[in-house]
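# Working through the structure, step by step
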Amino acid sequence: DQPARAAAPAGPRRPTRADQSAFARLEGKFGPLKLGSRGVAVERLQVTIGAGRTGFFGVATRDALLAWQRARRLKPTGEVDLATYTLLRSGRQGR
């Protein structure tokens, strides 16, 4: 008898049209979420990724986002790109 092997964690899901549309609305309203961004969208991101909730996307938020992206096998950009947004939006935040 062979021991059961654990399945490899699933990679990020592909963005749907709804994801793309929601991402476009987010960027249209708040601009790209990256170093220097401010506001409620940044606060929500910080809460989700476990960064300090300041509402300012500084170096600490970028570093926390990079770690979050790496842990989820996303390309580590340090910005909320479409792939990152899709995973944030899906509610599937597990590692």
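Presented here is an overview of the structure given in this document. What you are looking at is a predicted structure, and each value in this text was computed from that prediction instead of being measured.

## Description of the layout of surface pockets
With a probe scaled to a water molecule rolled over the atoms, the places where space remains empty come into view. There is about 210 Å³ of room inside the largest pocket. Around the largest pocket, the lining is made up of twelve residues, and of these Leu26, Leu33, Ala41, Arg44 and Tyr85 lie nearest the centre. Ranked by the residues each element gives to the lining of the largest pocket, the list is headed by helix H2 (residues 40-49), at four residues. When the residues that make up the lining of the largest pocket are grouped by side-chain class, the tally is eight nonpolar, one polar and three charged.

## Focus: the nonpolar core
Grouped together as the largest cluster of nonpolar side chains are 18 residues, with contacts concentrated most on Leu33, Leu45, Ile49, Leu65, Trp68 and Val80. Elements supplying a minimum of two residues to this core: helix H1 (17-30), H2, helix H3 (59-71) and helix H4 (82-90). The element best represented in this core is H2, accounting for four residues. Beyond its immediate stretch of four places on either side in the chain, Val80 contacts Phe23, Leu33, Leu45, Leu65, Tyr85 and Leu88.

## Observations concerning the pattern of salt bridges
Any two side chains of opposite charge can pair, so long as their charged atoms come close to each other. Going through the model one piece at a time under the given rule, you end up with three salt bridges. A salt bridge links Glu43 to Arg53; the nearest nitrogen and oxygen atoms lie 3.2 Å apart. Taken together, the positions of Glu43 in helix H2 and Arg53 in the loop between H2 and H3 put the pair ten residues apart, joining distant regions of the chain. Relative accessible area serves as the criterion here: at 60%, Arg53 is assigned to the exposed category. For the salt bridge of Arg62 with Asp63, the shortest nitrogen-to-oxygen distance reads 3.1 Å. For Arg62, a relative accessible area of 28% puts it in the partly exposed group.

Conventions adopted
- Residues numbered from 1 in each chain as written.
- Predicted model: local features only at pLDDT ≥ 70, side-chain atom pairs only at ≥ 80, totals over all residues.
- Heavy atoms only, no water.
- 1 Å grid on protein atoms, 1.4 Å probe; cavity = no way out; pocket = protein on both sides within 12 Å on 5 of 7 lines; lining within 4 Å.
- Points joined across faces, edges and corners; volume = space filled by probe spheres on them.
- Helix = DSSP H or I, 4+ residues; strand = E, 2+ residues; numbered from the N terminus.
- Nonpolar A, V, L, I, M, F, W, Y, C, P; charged D, E, K, R; others polar.
- Core = buried A, V, L, I, M, F, W, Y, C linked by side-chain atoms within 4.5 Å.
- Buried < 20%, exposed > 50% of the residue type's maximum accessible area, 1.4 Å probe, protein only.
- Contact = heavy atoms within 4.5 Å.
- Salt bridge = Lys/Arg side-chain N within 4 Å of Asp/Glu carboxyl O.

Read these as geometric descriptors, not functional statements.
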